[in-house]
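# A structural walkthrough
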Amino acid sequence: MFEIKVSANGEILLSGRFDASQVDKAKAVMGQISGDCILNCEELDYISSAGIGMIIEIYKRLYDQDAKLQLVNLNDHIKQVFRYAGLTTIFGIE
Amino acid sequence: MERKFQKVIAALEDISHFVAEFADSHQFNQELINAINLAIEEIFVNMVKHNPETKDDISISIDIEGSILAISLVDRDRRPFDVTEFEAVEPNKPIHQRRSGGMGLHLVSSLMDDVKYEYFDGFSKILMFKQLEI
């Protein structure tokens, strides 16, 4: 089960499984982002290339607007997927 | 262990339950479970998106052969299309210079030790193998 919501402090909270069946649900929220934004992945258990593609799309759009997208609180599995994808530097993932 | 799934993206949830069932019976850790889910999802989604001409269910099997995890996905296909020949994403290129597509296949080849393609009697079959740490 994938959930996406905006917290009181403006962070986007992702939780559960962000797979290809959840792209439209994520886009409905992430497509509204403007300006600097934090994606809090503390409760995100799983992500596939579909989820990563969505995040890259938002990153590029914000970049073109001189805004930043930051990912925080990634678990080891999510970090590994970003590592394989060659996206650790761009998102500051250790 | 083999099961057939409707050829729609919405089947991913049922597929994750199938993987969990197999993983539970073999006491796999979460890292391995996620790797299996990811590899299967990427190939399954590829079959759904790039072979829309046939609507037959996609058959997925997961087995252990010795110390090797073997996964296969079989899809009715009118002509051979070897997905393993498709150029994967270039992870070392700056994000703005990468072409779109190919990320899923790159992840599959990163997570699995070997990926093969077969075509027989109107079916495409993707086989993935991973050495288990025993």
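Structure: above.
Read on for a plain summary of the structure.

As a further point, take the overall build of chain A. From N to C terminus, chain A includes four helices and four strands. Moving toward the C terminus, one meets the helices and strands of chain A in the order β-β-α-β-α-β-α-α. For chain A, the C-alpha radius of gyration of 12 Å lies close to 12 Å, the compact-globule estimate for 94 residues. Taken over the C-alpha atoms alone, chain A extends approximately 30 × 30 × 20 Å along its principal axes. Expressed as a percentage of the 94 residues in chain A, the buried residues total 51%.

Examined against the element boundaries, His77 of chain A turns out to sit in helix 3 (residues 76-84). The residues touching His77 of chain A, leaving out its near neighbours within four places in the chain, are Asp45, Tyr46 and Ile47 of chain A together with Asn34 of chain B.

Okay, the pattern of salt bridges next. Tallied over the entire structure, the rule returns nine salt bridges over all chains. Close ionic contact of Lys25 of chain A with Glu3 of chain A constitutes a salt bridge, the shortest N to O distance being 3.8 Å. Remark: Glu3 of chain A occurs in strand 1 (residues 3-6) and Lys25 of chain A occurs in helix 1 (residues 23-30); sequence separation between them is 22 residues. According to the relative accessible area criterion, Lys25 of chain A is partly exposed, its value standing at 35%. In this structure, Arg76 of chain B engages Asp56 of chain B in a salt bridge whose closest nitrogen and oxygen atoms are separated by 3.0 Å. Here Arg76 of chain B, found in strand 3 (residues 68-76), pairs with Asp56 of chain B, found in the loop between helix 2 (30-50) and strand 2 (58-65); they are 20 residues apart in sequence, far enough to count as distant. By relative accessible area, Asp56 of chain B is classed as partly exposed at 35%. Via salt bridges that share partners, Glu53, Arg78 and Arg79 of chain B belong to a single interconnected network.

Here we take up the interface of chain B and chain A. Tallying the contact residues gives 21 residues for chain B and 23 residues for chain A. Taken together, the connections running from chain B to chain A amount to zero salt bridges. For the side of chain B that touches chain A, the secondary-structure elements that each account for two or more residues are helix 1 (12-26), helix 2 and helix 3 (103-111) of chain B. Per element, the largest residue contribution to the side of chain B that touches chain A is seven residues, and it comes from helix 2 of chain B.

All names here are of chain B. Packing of helix 2 against helix 3 brings their axes to within 9 Å, and their N-to-C directions diverge by 145°. Judged by the sense of rotation from one axis to the other, the crossing of helix 2 with helix 3 is left-handed. Contact residues: helix 2 offers Ala35, Leu38, Ala39, Glu42, Ile43 and Asn46, while helix 3 offers Gly104, Leu105, Leu107, Val108 and Leu111. The class makeup of the residues in the contact of helix 2 with helix 3 is eight nonpolar, two polar and one charged.

Attention now goes to the environment of Gly122 of chain B. Residue and element names in this part refer to chain B. By the secondary structure assignment, Gly122 is in the loop between strand 4 (114-120) and strand 5 (123-131). Take Gly122: its relative accessible area is 18%, and that puts it in the buried class. Here the alpha-carbon distance between Gly122 and Ile58, two residues 64 residues apart in the chain, equals 13 Å. If we ignore the near neighbours within four places in the chain, the residues touching Gly122 are Asp75, Arg76 and Asp77.

What counts as what
Residues numbered from 1 in each chain as written. Chains lettered and ligands numbered in written order. Predicted model: local features only at pLDDT ≥ 70, side-chain atom pairs only at ≥ 80, totals over all residues. Heavy atoms only, no water. Helix = DSSP H or I, 4+ residues; strand = E, 2+ residues; numbered from the N terminus. Rg over C-alpha atoms; globule rule 2.2 N^0.38 Å. Buried < 20%, exposed > 50% of the residue type's maximum accessible area, 1.4 Å probe, protein only. Contact = heavy atoms within 4.5 Å. Salt bridge = Lys/Arg side-chain N within 4 Å of Asp/Glu carboxyl O. Axes fitted to C-alpha atoms, helices over the stretch in contact; angles between N-to-C directions. Left-handed = near helix turned anticlockwise from the far one by under 90°. Nonpolar A, V, L, I, M, F, W, Y, C, P; charged D, E, K, R; others polar.

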